[in-house]
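Descriptive structure summary
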Amino acid sequence: MIELQLFTIDDAPALISNIKDERSLLQFAGPMYHFPLTEDQLEGDLSDEKRTLFKIVDLENQNIIGHAQIFLKEDTFLLGRILIWDENNRGKGYGKRVMQELLKYGFSHYNRKIAELNVYDWNTGAIECYKKVGFTIDPDVRKEAKIDNEIWVSINMKIEKETFELQEA
């Protein structure tokens, strides 16, 4: 169905063209990028040894359908900047499969017992997807981002390696 392949700067135009406005960039990447997304910003991520960038490839037709990253933290690894860009591909199980592949990669490549992610509390579709994979909300971690006259609340979700492995068995 899908495969994670390492992202290179040659993949940047496809990603950049799918970030249409400041709101979609904030939803995709949090407040660390600024609109418009540029190759320079992506180069910064590519040069960060704690960050691994992926393109999401639909194996059936070899099309790139999205993007994802893993950021290595001190005690955990963070899944983020996850985007399936064609809305017609949402709700078809791609998100769950991407999460499973990211977790498989992260737990097999990094010596961490916990993976985490941040998601805006209004993004209920994504939250439900993450729960299906085994993530639970950490009520002690919340952040806020401001866009226009709105405050977006980001919640943190975590999954332990043991939980993931039990679900994969």
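Just so it is clear, the structure is predicted and the values come from calculations on it, not from any experiment. (Residues numbered from 1 in each chain as written. Predicted model: local features only at pLDDT ≥ 70, side-chain atom pairs only at ≥ 80, totals over all residues. Heavy atoms only, no water.)

**Some remarks on the environment of Asp-75**
Formally: Under the DSSP-based scheme used, a helix requires at least four consecutive residues in state H or I and a strand at least two consecutive residues in state E, with every element numbered from the N terminus. Should any heavy atoms of two residues lie within 4.5 Å, those residues are counted as being in contact.
With respect to the helices and strands, the residue Asp-75 is situated in the loop between strand S3 (63–72) and strand S4 (77–84). Residues Asp-75 and Gln-5, 70 residues apart in the sequence, show an inter-C-alpha distance of 25 Å. Sequence-distant contacts of Asp-75, that is, excluding residues within four places in its chain, are made with Arg-112 and Ile-114.

**Overview of the packing of aromatic side chains**
We apply this condition: Note on ring pairs: Phe, Tyr and Trp rings are taken, using the six-membered ring of Trp, and paired if centres are within 6.5 Å. Classes follow the plane angle, with under 30 degrees stacked, over 60 edge-to-face and the rest tilted. Three labels apply to residues, based on accessible area from a 1.4 Å probe with only protein chains included: buried if under 20% of the type maximum, exposed if over 50%, partly exposed otherwise in between. By definition here, charges over rings are those cases where NZ of Lys or CZ of Arg is within 6 Å of the ring centre and within 35 degrees of the ring normal.
Following the criterion strictly, the structure yields nine aromatic pairs and no others. Aromatic pair Phe-77 and Tyr-110: ring centres 6.0 Å apart, planes at 50°, arrangement tilted. Placement of Phe-77 in strand S4 and of Tyr-110 in the loop between helix H4 (94–109) and strand S5 (114–120) is noted, with a sequence separation of 33 residues between them. A relative accessible area of 0% places Phe-77 in the buried class. The exposure class of Tyr-110 is buried, given its relative accessible area of 16%. When the centroid spacing of 5.1 Å and the interplanar angle of 70° are considered together, the rings of Tyr-120 and Trp-152 count as edge-to-face. Of the two residues, Tyr-120 sits in strand S5 while Trp-152 sits in strand S7 (residues 150–160), which places them 32 residues apart along the sequence. Ring pairs connect the aromatic residues Phe-54, Phe-77, Tyr-105, Phe-107, Tyr-110 and Phe-164, which therefore count as one cluster. Across from the ring centre of Tyr-33, 4.0 Å away, lies the NZ or CZ of Arg-81, which sits over that ring.

**Details of the pattern of salt bridges**
Worth spelling out the cut-off: What makes a salt bridge here is a side-chain nitrogen of Lys or Arg within 4 Å of a carboxyl oxygen of Asp or Glu, nothing more.
By the definition in use, this model includes twelve salt bridges. The shortest N-O distance in the salt bridge between Asp-148 and Arg-23 comes to 2.8 Å. In this pair, Asp-148 is assigned in the loop between strand S6 (136–147) and S7 and Arg-23 in helix H2 (residues 22–29), connecting sequence segments 125 residues apart. For Arg-97, the salt bridge is made with Glu-101, and the minimal N-O distance between the two is 2.6 Å. You can see Arg-97 and its partner Glu-101 sitting in helix H4, four residues apart, about one turn around the helix. Arg-97 gets classed as partly exposed once you look at its relative accessible area, which sits at 28%. Here the salt bridges do not stand alone but share partners, grouping Asp-45, Asp-48, Arg-51 and Arg-81 into one network.

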